[in-house]
Amino acid sequence: MVNVKGLKIGEGQPKICVPVVAGNIEEIKNQANRIMFTPADMVEWRVDHLRRSDDIPSVLVALEVLKENLQDKPVLFTFRTAEEGGKKRISAEKYSNLYEAVIKSGNADLIDIEYFLGNRIIKPLIKMAHEHGIKVILSNHDFKKTPPADEMIKRMTGMKNAGADIAKIAVMPHSSSDVLELLTATEAMKKIENPIPIITVSMSALGLVSRITGEVFGSAVTFASAGRTSAPGQIDADELDRITNTIHYNLKDSDRIKLNESAKNVRFKNKRNIILIGFMGTGKTTVGKRLGEKTGMIVKEIDDMIEESAGMSITSIFEKRGEEAFRDIESAQVNKVSNMEGVIVSCGGGTVMRRRNVDRLKRKGCIILLRGTPELVYERVKRGGDKRPLLNRYQSRGYISWLMKKRRDTYMAVADYIIDVDGKNSDIIADEILEFVYNRKKRR
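Every value quoted in this text rests on a predicted model; they were computed, and no experiment measured them.

Peer 1: I'm lost on the side chain of Asp112 in this one. Help?
Peer 2: When you line up the elements, Asp112 lands in strand 6 (residues 110-114). Only 2.7 Å separates the side chain of Asp112 from the side chain of Ser139, close enough to count as a polar contact. In this structure Asp112 touches Glu44, Leu76, Phe77, Thr78, Arg80, Tyr95, Tyr99, Ile137, Ser139 and Lys168, once residues within four positions along its chain are discounted.

Now the structure itself:
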């Protein structure tokens, strides 16, 4: 697994990478803004499409602009040569000089270096990149054919041995057998000694299956489009996200079942509080009120406590003090409710992202995760955007899915019990919670 700005490449669901394919800075800004509405986990800047890609100062300015417009999405810097499907030819000397300047700028989180440029070029660049904390993808692209699986394994193993953090190979299929060759090589790379994350792509419509089944076969990143494509076979990022989400949830649903089954054997009678967590729009407030009606317990809404303490709305706190100040106020309110007993606590979407908040809540509380799909959350939150500062600028299904993926693993790790809320009303969810926590049967 390779960690880039908190993005764990090589673990769990394949990360979606969307390309920026632009000729000038204005196009870069427009494409970056469009990407922010998508579920893209990372962005590849194909600098060979930039009109002034031969001018290093212009490239560095454009890269800085791109970073500024992508918030904390990792940026992969790529000059794809004409020999491997890119827009331009470039000499070895200019290639090296360009990459050295980008590495020193600190504005790239990953760089893509073409494997067949040879050790004279790739070795010094890898060394310099690692010295500057930048991850390296060694890549190979064949737009004419699909080599045999053994050959693809050999190339990716060579990339690993050369010092790559991630190995990538993209090939052109001419038959379903070609696609199977690529998938066979992908699967085999999981079994080599000391494996590294890999990216494998069978291009064109024929190879689409390789873009959606990475979690099954072992490809860590998949490429999608946000209006413009950089290779044949890329589909819309939102569509790809829906498909890979479906695959991920079905593959991992056994984890939810195991957690819920094991939790039934744990006694929560000494835990006097019910803690509701989950992404915004999953119904924590509504379910909390329903639980209060059914039990007579006091309901504490963390967001309401924050606004009362600060004397202003959450949106105003974000605008005037910033998110970090908001999280500090939130932690203070968590500390208050953690000292209470017999309360229902409805947490904000980011409350449990701080470990100390989780530790305090668990002392006297049973943590229930309300889990919904991005589609459900989007439909609910778009009606109340003024209360959702994290969504005020990029309110879309794709952006919501991106945020949800960033929090998903933490939610799963801290939950004592998980309830999928799609298709259920608050009364059904409340009864399920009470049956779990207190072994209280549902009313007929």
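There is more to say, and it comes next.
Peer 1: For this particular structure, what's the right way to read the packing of aromatic side chains?
Peer 2: Taken as a whole, this structure holds eight aromatic pairs when the rule is applied. Centroid distance Trp45 to Phe77: 5.8 Å. Interplanar angle 75 degrees. Geometry classified as edge-to-face. Taken together, the residues Trp45 in strand 4 (residues 42-46) and Phe77 in strand 5 (residues 75-78) connect sequence positions 32 residues apart. For the ring pair Phe77 and Tyr99, a centre distance of 5.2 Å and an interplane angle of 85 degrees mean the geometry is edge-to-face. On the criterion of sequence distance, the pair formed by Phe77 in strand 5 and Tyr99 in helix 3 (residues 92-105) is long-range, its members being 22 residues apart. Owing to a relative accessible area of 0%, Phe77 belongs among the buried residues under this scheme. Following the ring pairs from residue to residue traces out a cluster consisting of Trp45, Phe77, Phe79, Tyr95 and Tyr99.

Peer 1: Which parts of the structure should I look at to understand the sheet that holds strand 12 (residues 298-301)?
Peer 2: Within a sheet, neighbouring strands are paired by backbone hydrogen bonds and run either parallel or antiparallel to one another. The sheet built from five strands is open, its strands ordered 12-13-11-14-15 with parallel pairing. For this open sheet the edge positions go to strand 12 and strand 15 (417-420), each flanked by a neighbour on one side alone. Strand-to-strand twist of the sheet, defined as the mean angle between neighbouring strand axes without regard to direction, takes the value 20 degrees. In this structure, strand 11 (residues 273-277) lies alongside strand 14 (residues 365-371), joined through five bridges in parallel fashion.

Peer 1: Looking at this model, I keep getting lost on the environment of Leu98. Mind explaining?
Peer 2: Within the secondary structure, Leu98 sits in helix 3. You can call Leu98 buried: its relative accessible area is 1%. Placed 65 residues apart in sequence, Leu98 and Gly163 show a C-alpha to C-alpha distance of 20 Å. Residue contacts for Leu98: discarding those within four places in its chain leaves Ser53, Ile56, Val59, Phe77 and Phe79.

Peer 1: Can you help me understand the nonpolar core in this one?
Peer 2: A general trend in soluble globular proteins is that nonpolar side chains are found buried together. The biggest cluster of nonpolar side chains holds 96 residues, and the ones touching the most others in it are Trp45, Phe77, Ile111, Ile113, Leu138 and Ile277. No other element matches helix 16 (residues 397-414), which puts seven residues into this core. Excluding anything up to four places from it in sequence, Ile277 contacts Lys284, Cys347, Val352, Ile367, Ile368, Leu369, Leu370, Tyr411 and Val414.

Peer 1: Help me understand unusual backbone geometry, please; the structure alone is not making it clear to me.
Peer 2: If a residue is not glycine, its phi is most likely negative; likewise, a peptide bond is most likely trans. Within the chain, Asn194 stands out as a residue other than glycine whose phi angle is a positive 50 degrees. Asn194 gets classed as exposed once you look at its relative accessible area, which sits at 56%. Even without being a glycine, Ser204 presents a positive backbone phi close to 70 degrees. With respect to the element layout, Ser204 can be found in the loop between strand 9 (198-202) and helix 7 (208-212).

Peer 1: I would appreciate a short explanation of the sheet that holds strand 8 (residues 166-171) in the present structure.
Peer 2: Ordered by their spatial adjacency, eight strands build an open sheet running 9-8-7-6-5-4-3-10, and the pairing between neighbours is parallel. At either margin of the open sheet sits one strand with a lone partner, and together these are strand 9 and strand 10 (221-223). In this sheet, neighbouring strand axes are inclined to one another by 25 degrees on average, regardless of whether the strands run parallel or antiparallel. The sheet contact formed by strand 7 (residues 135-142) and strand 8 spans six bridges and is parallel. In the sheet register, His141 faces strand 8, and the bridge partner there is Ala170. In the packing of helix 3 onto the sheet, contacts are made with strand 5 and strand 6, and the angle to strand 6 comes to roughly 165 degrees.

Peer 1: Mind showing me how you'd approach the packing of helix 2 (residues 56-68) against helix 3 here?
Peer 2: When two helices pack together, their arrangement is given by the angle between the helix axes and by the axis-to-axis distance. Packing of helix 2 against helix 3 leaves a shortest axis separation of 10 Å and a crossing angle of 40 degrees. With respect to the hand of their crossing, helix 2 and helix 3 are arranged in right-handed fashion. Between helix 2 and helix 3, the contacting residues are Ile56, Val59, Leu60 and Leu63 on the first element and Asn97, Leu98, Ala101, Val102 and Ser105 on the second. The residue inventory of the contact of helix 2 with helix 3, partitioned by class, reads seven nonpolar, two polar and no charged.

Conventions we followed
Residues numbered from 1 in each chain as written. Predicted model: local features only at pLDDT ≥ 70, side-chain atom pairs only at ≥ 80, totals over all residues. Heavy atoms only, no water. Helix = DSSP H or I, 4+ residues; strand = E, 2+ residues; numbered from the N terminus. Polar contact = N/O pair within 3.5 Å; in protein donor to acceptor, adjacent residues only side chain to side chain. Contact = heavy atoms within 4.5 Å. Phe/Tyr/Trp six-rings, centres within 6.5 Å; stacked < 30°, edge-to-face > 60°. Buried < 20%, exposed > 50% of the residue type's maximum accessible area, 1.4 Å probe, protein only. Pairing = 2+ DSSP bridges. Axes fitted to C-alpha atoms, helices over the stretch in contact; angles between N-to-C directions. Core = buried A, V, L, I, M, F, W, Y, C linked by side-chain atoms within 4.5 Å. Left-handed = near helix turned anticlockwise from the far one by under 90°. Nonpolar A, V, L, I, M, F, W, Y, C, P; charged D, E, K, R; others polar.

Any link to function would need more than the numbers given here.
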